[in-house]
Amino acid sequence: MTAQPPEPSPRPVPSGELRASHDDREAVVEQLRDAAAEGRIDLDELDARLEQALTSKTYGELALLTADLPKPPSSVAEDLPPLVLKGGMYGASRGPGRWEVPGHVIAHAGVGGVSLDFTRAECRLAEVVVEAYGETSGVTIVIPDGWAADTTGMHPGFGGLKDRTTPDRLPGTPLIRLTGSGGMAGVVIRHPGKRERRKLENAPRD
């Protein structure tokens, strides 16, 4: 009985031909939106590239869509621990100065209340979960114009939830996903008021 020749080993698949996942496509979509927000590509080109990104099947096809764009800056925001603010007796706040936003923020109003201001924050994430508890004195959250909020996961409690944001989200901006409970005093999420806008316009550039 003659021995059969060994079957040839399968050809390794080049990395560019590997199949892309939903997360791979979504990462390219976010990079394209950031590029449009920075003025690197116009809106017509953004629409065309987004359509191609959502229908791309391989890494190679996705890579072509961002080949002429700078790589996104590396960020450790995903690895940052949750930011925990406790109002206690005297209150607590973060912002409106520069600060780096982690993926999860927890605010307990306590007796003194909590103010959370994102208007000058550095955020490189597509989504940020803000877990707010109004408790005795309430939580106030201020987000820049162009950012949007999803409050469907928030329990209003006795104090209620006041969502004064607009649904218009600019490309490349994060979504604030609000959870938690209004407690006794409630939670407010809004854009800057007139006085806050003037302060932002006059604030020195870092």
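Up top you'll find the structure we're talking about.
Residues numbered from 1 in each chain as written. Predicted model: local features only at pLDDT ≥ 70, side-chain atom pairs only at ≥ 80, totals over all residues. Heavy atoms only, no water.

1. Here we look at the sheet that holds strand S4 (residues 114–117)
Move 1: Strand order in the open sheet formed by five strands is S2-S4-S6-S10-S8, with parallel pairing between adjacent strands. Each edge of the open sheet is held by one strand with a lone partner, namely strand S2 (92–94) and strand S8 (161–164). Shown here is a sheet whose adjacent strand axes are inclined to one another by a mean of 5 degrees, direction ignored.
Move 2: Bridging between S4 and strand S6 (residues 139–142) involves four bridges; their strand directions are parallel. Within S6, the residue paired with Asp117 across the bridge is Val142. (Pairing = 2+ DSSP bridges. Helix = DSSP H or I, 4+ residues; strand = E, 2+ residues; numbered from the N terminus. Axes fitted to C-alpha atoms, helices over the stretch in contact; angles between N-to-C directions.)

2. Observations concerning the nonpolar core
Move 1: If you look at the biggest cluster of nonpolar residues, it comprises 26 residues, and the most contacted ones within it are Phe118, Val130, Ile141 and Ile176.
Move 2: The greatest single-element share of this core, amounting to three residues, is contributed by strand S5 (residues 127–133).
Move 3: Discounting residues that sit within four places of it in the chain, Phe118 has contacts with Trp99, Val101, Val130, Ile141, Val142, Ile143, Pro144, Trp147 and Ile176.
Move 4: Judged by nonpolar contacts, the second largest core, of 13 residues, contains Ala20, Val29, Leu50 and Leu65. (Core = buried A, V, L, I, M, F, W, Y, C linked by side-chain atoms within 4.5 Å. Buried < 20%, exposed > 50% of the residue type's maximum accessible area, 1.4 Å probe, protein only. Contact = heavy atoms within 4.5 Å.)

3. Thoughts on helix H2 (residues 43–55)
For the α-helix, the turn length of 3.6 residues means that residues three or four positions removed from each other point alike.
Move 1: The terminal C-alpha atoms of H2, which comprises 13 residues, lie 19 Å apart, in line with the 18 Å expected from a rise of 1.5 Å per residue.
Move 2: Looking only at H2, the buried set comprises Leu46, Arg49, Leu50 and Ala53. Along the axis of H2, the buried positions cluster into a sector of 105 degrees, meaning they face one direction only. In H2, those exposed residues whose orientation departs by more than 90 degrees from the buried face are Asp44, Glu51 and Thr55.
Move 3: Packed against the buried residues of H2 are helix H1 (22–37) and helix H3 (59–66).
Move 4: The backbone nitrogen of Asp44 lies 3.3 Å from a side-chain oxygen of the residue at the head of H2, namely Asp42. (Expected span 1.5 Å × (residues − 1). Arc of directions from axis to C-beta. Polar contact = N/O pair within 3.5 Å; in protein donor to acceptor, adjacent residues only side chain to side chain.)

4. With respect to the packing of aromatic side chains
Move 1: Taken as a whole, this structure holds two aromatic pairs when the rule is applied.
Move 2: Geometrically, the ring pair formed by Trp99 and Phe118 is tilted, given 5.2 Å between the ring centres and 40 degrees between the ring planes. Residue Trp99 is located in the loop between S2 and strand S3 (104–108), and its partner Phe118 is located in the loop between S4 and S5; the two are separated by 19 residues in the primary sequence. You'll find Trp99 and Phe118 in the same group, each marked buried.
Move 3: When the centroid spacing of 5.8 Å and the interplanar angle of 50 degrees are considered together, the rings of Phe118 and Trp147 count as tilted. On the criterion of sequence distance, the pair formed by Phe118 in the loop between S4 and S5 and Trp147 in the loop between S6 and strand S7 (148–155) is long-range, its members being 29 residues apart. (Phe/Tyr/Trp six-rings, centres within 6.5 Å; stacked < 30°, edge-to-face > 60°.)

5. Notes on a nonpolar patch on the surface
Move 1: Residues Met89, Tyr90 and Val111 make up a contiguous nonpolar surface patch of roughly 430 Å² in combined accessible area.
Move 2: One can find Tyr90 in the loop between strand S1 (83–86) and S2. (Patch = residues over 30% accessible without salt bridge, like charges linked within 9 Å, V, L, I, M, F, W, Y side chains within 5 Å. Areas by Shrake-Rupley, 256 points an atom, 1.4 Å probe, with all protein chains shown as cover. Salt bridge = Lys/Arg side-chain N within 4 Å of Asp/Glu carboxyl O.)

6. Looking at the side chain of Ser56
Move 1: With respect to the helices and strands, Ser56 occurs in the loop between H2 and H3.
Move 2: By relative accessible area, Ser56 is classed as buried at 6%.
Move 3: Setting aside residues no more than four positions away along its own chain, Ser56 makes contact with Arg25, Glu61, Leu62 and Leu65.

7. Overview of the packing of H1 against H2
Move 1: Interhelical geometry of H1 versus H2 gives an angle of 175 degrees and a closest axis separation of 9 Å. Between H1 and H2, the crossing angle belongs to the class labelled roughly antiparallel. Across the interface between the two elements, Arg25, Val28, Val29, Leu32, Arg33 and Ala36 from H1 touch Leu46, Arg49, Leu50, Ala53 and Leu54 from H2.
Move 2: Among the residues forming the contact of H1 with H2, the class breakdown is eight nonpolar, no polar and three charged. (Parallel < 35°, antiparallel > 145°, perpendicular 65-115°, else oblique. Nonpolar A, V, L, I, M, F, W, Y, C, P; charged D, E, K, R; others polar.)

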